[in-house]
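Each chain is listed here by its residues.
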Amino acid sequence: MPHSPRKRIIIKKPGGHDALQITDDRIGPPAPGEAQVEVKACGVNFADIAVRLGLYRAAKDLYPLTPGLEFSGVVREVGEEVHEFSEGDRVFGVCRFGGYASSINCPSHQLWPMPEAWSYEKGATFAVVYLTAYYGIHHVGHLSEPDKVLLHSAAGGVGTAALHLLRINGNFCAAVVGRSHKREAAAKAGADLVIDKETQDLWAEAEKASPEGWDLILDANGASTLKGSYEHLRPQGRLIIYGFASMFSPSGKKNIPKLLWYYLKTPRFSPFDLTTSNKTVAGFNLIYLFDKVEPFRKIMEILLRWDAKGLLPSMPVKSYAFEEAAKAHRDLESGQTIGKLVLTI
Ligand SMILES: NC(=O)c1ccc[n+]([C@@H]2O[C@H](COP(=O)([O-])OP(=O)(O)OC[C@H]3O[C@@H](n4cnc5c(N)ncnc54)[C@H](OP(=O)(O)O)[C@@H]3O)[C@@H](O)[C@H]2O)c1
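Please read these numbers as outputs of a predicted model, since none were measured by experiment.

## Thoughts on the site of the ligand
Not every one of the 31 residues close to the ligand is listed here, only the nearest: Gly 156, Gly 157, Gly 178, Gly 243 and Leu 286. Mapped by element, the contributors of at least two residues to the shell around the ligand are α1 (46-53), α2 (120-140), α3 (157-169) and α10 (325-333). Partitioning the shell around the ligand into residue classes produces 14 nonpolar, 14 polar and three charged. In this structure, the shell around the ligand is formed jointly by two domains, domain 1 (4-127 + 287-344) and domain 2 (145-283), each of which donates at least three residues.

Here it is, written out as structure tokens:
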């Protein structure tokens, strides 16, 4: 097929919201092993903000760059060696950037057929948060049955997905939220206890709920909570680090003094203390694992099975028009959102 017209958002140079520029260009045919997808919706993730600001290491030398790590749509064409999909199939997928576009060429192993009952919004908001939550809880966090879990930012995208997964396992989970209006969402998603940082002292409440400490703490805040999280692990407890949201500013701009301050405030864990207190600190970033086909496809198989059985309640999703990407970023940076944000095309 000849080159087809498409719309995409390009970040020529990292910056504020106006760095997200809509551009018209053309997409070439899919390479061998790829499928071309006409994108109907793309998920907005916190990582997209880091990419826009030039703070995401995996994107460092890739500008000009189209952000976006996940999407859903319809297969328009398949490249050589692709046998599992054909024109017209509804699919969802993950990509190492490029999702904010009306079409994308994507390796077929990063695509899945979309269940019939799913909307495009659901398809574009499922993969990143559930894969992250599952990988963090089970693969890195080694969750076992009696573990007590403390989950930061529990009403956000990954947080809500983690609550859904923890509810399936039946572990006791304290969900921490930064604003009172998120309490209800965290409770509905399955929290046994909600700690509201706007009105409560986080660590006093955490100690009251589990005086012996926590077996598993999931922390994507970074400097604002990492030290406390580490201190509140019980022996054999695991602290899983997967983000640094507290480094960012609601202004949508890179705040260098704040970044420096947070960098200096980020704890460096002592090997001596780790061994004497029997604690584990681990971190991961899903994006470096997108090419590890097998583990991901296995996790997705489990997630899709659970979803088909009705074990994953619906995720709150707020939709924006493609042209409103900057507004979606602004809202996510405000720290006020619940669940996921999605751009529809
Ligand atoms: N490593 C990985 O593979 C991976 C994959 C996906 C996501 N992540 C990370 O996981 C976290 C959650 O991602 P998400 O897309 O689902 O976002 P999200 O949780 O929906 O939104 C981010 C949340 O972080 C909290 N936060 C703390 N300080 C903040 C600040 N200065 N500005 C804005 N928000 C702040 C806010 O919740 P509260 O105020 O309620 O705490 C906010 O709602 C992010 O840190 C992201 O980078 C990592």
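## Brief notes about the domain arrangement of the protein chain
For the protein chain, the domain assignment lists domain 1 (4-127 + 287-344) and domain 2 (145-283). Relative to domain 2, the C-alpha centre of domain 1 lies at a distance of 27 Å. Listed by contribution, the elements that provide at least two residues to the side of domain 1 that touches domain 2 are α1 and α10. By residue class, the composition of the side of domain 1 that touches domain 2 is 10 nonpolar, nine polar and three charged.

## Re the packing of α2 against helix α9 (residues 293-308)
Helix packing geometry: the angle between the two helix axes and the distance between the axes. Two numbers describe how α2 lies on α9: the axes approach to 10 Å, and their chain directions differ by 105°. In terms of orientation, α2 lies roughly perpendicular with respect to α9. Of α9, the residues touching α2 (which contributes Tyr 130, Leu 131, Tyr 134 and Tyr 135) are Phe 296, Ile 299, Met 300 and Leu 303. Tallied by class, residues from the contact of α2 with α9 come to eight nonpolar, no polar and no charged.

## Looking at the nonpolar core
Within soluble globular proteins, side chains that are nonpolar tend to cluster in buried spots. With 97 residues, the main nonpolar core has Leu 151, Ala 162, Leu 163, Ala 175 and Ala 186 as its most contacted residues. The leading source of residues in this core is α2, at 11 residues. If you count residues domain by domain, this core takes at least three from each of domain 1 (4-127 + 287-344) and domain 2 (145-283).

## Remarks on the pairing of strand β5 (residues 90-94)
Across the five residues that make up β5, a large majority, four, are buried. Pairing analysis gives five bridges linking strand β4 (residues 70-78) to β5, with the strands arranged antiparallel. By the bridge assignment for β5, Ser 72 is matched with Phe 92.

## Description of the sheet that holds strand β10 (residues 193-196)
Strand order in this open sheet of six strands is β10-β9-β8-β11-β12-β13, and the pairing throughout is parallel. Edge positions in the sheet fall to β10 and β13 (280-283), since each has one partner strand and no second. Taken over all neighbouring pairs, the strand axes of this sheet differ in orientation by 15° on average, direction set aside. By the bridge criterion, four bridges tie strand β8 (residues 148-151) to strand β9 (residues 172-177) in an arrangement that is parallel. Each residue of the ladder has a partner; that of Val 149, found in β9, is Cys 173. Sheet strands in contact with α3 are β8, β9 and β11 (214-219), and its direction is about 165° off that of β8. Against the sheet, helix α5 (residues 202-209) engages β8, β9 and β10, with an angle of about 160° to β10.

Cut-off values and rules
Residues numbered from 1 in each chain as written. Predicted model: local features only at pLDDT ≥ 70, side-chain atom pairs only at ≥ 80, totals over all residues. Near = placed C-beta within 6 Å. Helix = DSSP H or I, 4+ residues; strand = E, 2+ residues; numbered from the N terminus. Nonpolar A, V, L, I, M, F, W, Y, C, P; charged D, E, K, R; others polar. Domains from an automatic or database assignment. Axes fitted to C-alpha atoms, helices over the stretch in contact; angles between N-to-C directions. Parallel < 35°, antiparallel > 145°, perpendicular 65-115°, else oblique. Contact = placed C-beta atoms within 7 Å. Core = buried A, V, L, I, M, F, W, Y, C linked by C-beta atoms within 7 Å. Buried ≥ 20, exposed ≤ 12 C-beta atoms within 10 Å, placed from the backbone. Pairing = 2+ DSSP bridges.

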